[in-house]
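Structural characterization, general
One-letter residues, chain by chain:
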Amino acid sequence: MLEIHYVPSLVAASVAVAVMAAFTSLRLTSGLAALGAHRRKVRISQAAFALGGGIWAMHFVAMLSMDMAEPMFYDPLRTMGSALIAILLTGSALMSLHFGTRTPTRIVFAGIITGPASSACITWACRRSP
């Protein structure tokens, strides 16, 4: 059985990153209905970078907090690619919410895209040592 330990300071940093990302994206998306389409797209892009990047960074810091017996390897290209995918998925979810009628189905769809899909991206970058 693989024994895993966590570094408490990195776990706390992970939580802090998640809180800051959520706050920043909520501030950026508040009041979007009053803006024109171009300004709304700019703000949604900024919020996607904050939220998608924050979700990705929170998971990455949490994964770095794990101290395992086996060495882990993070390929730089795959790692940056996973961050980009998380930002793009979050952006598409935010676009679907802020352009069009906000229905319960659309909200659930945006949540499914933002949560599980974005957080799964970081595990794609993680591999055991070659």
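Everything quoted here is computed from the prediction, not taken from an experiment.

1. Examining the overall build of the protein chain
- The helix and strand inventory of the protein chain stands at 4 helices and 4 strands.
- Secondary structure of the protein chain in N-to-C order comes out as β-α-α-β-β-α-α-β.
- Taken along its principal axes, the extent of the C-alpha atoms in the protein chain is 55 × 25 × 25 Å.
- Burial status across the protein chain gives 33% buried among its 130 residues.
- Long-range pairs, those at least 24 residues apart, make up 79% of the contacts in the protein chain with a sequence separation of at least 6.
- Just so you have it, the protein chain exposes about 7,900 Å², and 72% of that area is on carbon and sulfur atoms.
- Each charge class in the protein chain can be summarised by its mean position, and for the 10 positive and 4 negative side chains these summaries are 31 Å apart.

2. Brief notes about the nonpolar core
- Grouped together as the largest cluster of nonpolar side chains are 7 residues: Leu28, Leu32, Ile44, Ala47, Ala48, Ala50 and Leu94.
- Among the elements that take part in this core, helix 2 (residues 37-64) stands out by supplying 4 residues, more than any other.
- In this structure Ile44 touches Leu32, Gly91, Leu94, Met95, His98 and Phe99, once residues within four positions along its chain are discounted.

3. Notes on the environment of Ser25
- Mapped onto the elements of the fold, Ser25 is located in helix 1 (residues 8-29).
- Look at Ser25 and you get buried, because its relative accessible area is 6%.
- Considering only alpha carbons, one finds Ser25 and Ala93, 68 residues apart in sequence, at a separation of 13 Å.

4. Quick look at the packing of aromatic side chains
- Scanning the model with the defined rule gives 1 aromatic pair in all.
- Between Trp56 and Phe60, the aromatic rings sit 5.2 Å apart at their centres with planes inclined by 10°, giving stacked as the arrangement. Placement of the pair is Trp56 and Phe60 together in helix 2, with a separation of 4 residues, close to one helical turn. Phe60 shares its class with Trp56; the two are buried.
- Here the basic side chain of Arg40 rests over the ring of Phe99, its NZ or CZ set 4.7 Å away from the ring centre.

5. Focus: a nonpolar patch on the surface
- Taken together, the side chains of Leu2, Ile4, Tyr6, Val11, Val15, Val19 and Met66 make up a nonpolar region of the molecular surface, amounting to roughly 590 Å² of accessible area.
- Listed by contribution, the elements that provide at least two residues to the nonpolar patch are strand 1 (4-6) and helix 1.
- Classification of Val19 as exposed rests on a relative accessible area of 53%.

6. A word on helix 3 (residues 76-98)
- Counted at 1.5 Å a residue, the expected span for helix 3 with its 23 residues is 33 Å, and the 33 Å between its end C-alpha atoms agrees.
- Taken as a whole, helix 3 has its buried residues at Thr79, Ser82, Ala83, Ala86, Ile87, Thr90, Gly91, Ala93, Leu94, Ser96, Leu97 and His98.
- Following helix 3 by one or two positions, Gly100 adopts a phi angle in the positive range, close to 120°.

7. Topic: the environment of Met20
- Along the chain, the position of Met20 falls in helix 1.
- A sequence separation of 42 residues divides Met20 from Ala62, and the C-alpha atoms of the two residues are 15 Å apart.

8. Quick word on the confidence of the model for the protein chain
- Predicted confidence across the protein chain gives a mean pLDDT of 87, with 90% of residues reaching 70 or more.
- Confidence, expressed as mean pLDDT per element, reaches its minimum in the protein chain at strand 4 (residues 126-128) with 57 and its maximum at helix 1 with 95.

Criteria and cut-off values
- Residues numbered from 1 in each chain as written.
- Predicted model: local features only at pLDDT ≥ 70, side-chain atom pairs only at ≥ 80, totals over all residues.
- Heavy atoms only, no water.
- Helix = DSSP H or I, 4+ residues; strand = E, 2+ residues; numbered from the N terminus.
- Buried < 20%, exposed > 50% of the residue type's maximum accessible area, 1.4 Å probe, protein only.
- Contact = heavy atoms within 4.5 Å.
- Areas by Shrake-Rupley, 256 points an atom, 1.4 Å probe, with all protein chains shown as cover.
- Lys, Arg positive; Asp, Glu negative; His and termini not counted.
- Charge placed at Lys NZ, Arg CZ, Asp CG, Glu CD.
- Core = buried A, V, L, I, M, F, W, Y, C linked by side-chain atoms within 4.5 Å.
- Phe/Tyr/Trp six-rings, centres within 6.5 Å; stacked < 30°, edge-to-face > 60°.
- Lys NZ or Arg CZ within 6 Å of the ring centre and 35° of its normal.
- Patch = residues over 30% accessible without salt bridge, like charges linked within 9 Å, V, L, I, M, F, W, Y side chains within 5 Å.
- Salt bridge = Lys/Arg side-chain N within 4 Å of Asp/Glu carboxyl O.
- Expected span 1.5 Å × (residues − 1).
- pLDDT = per-residue confidence, 0-100.

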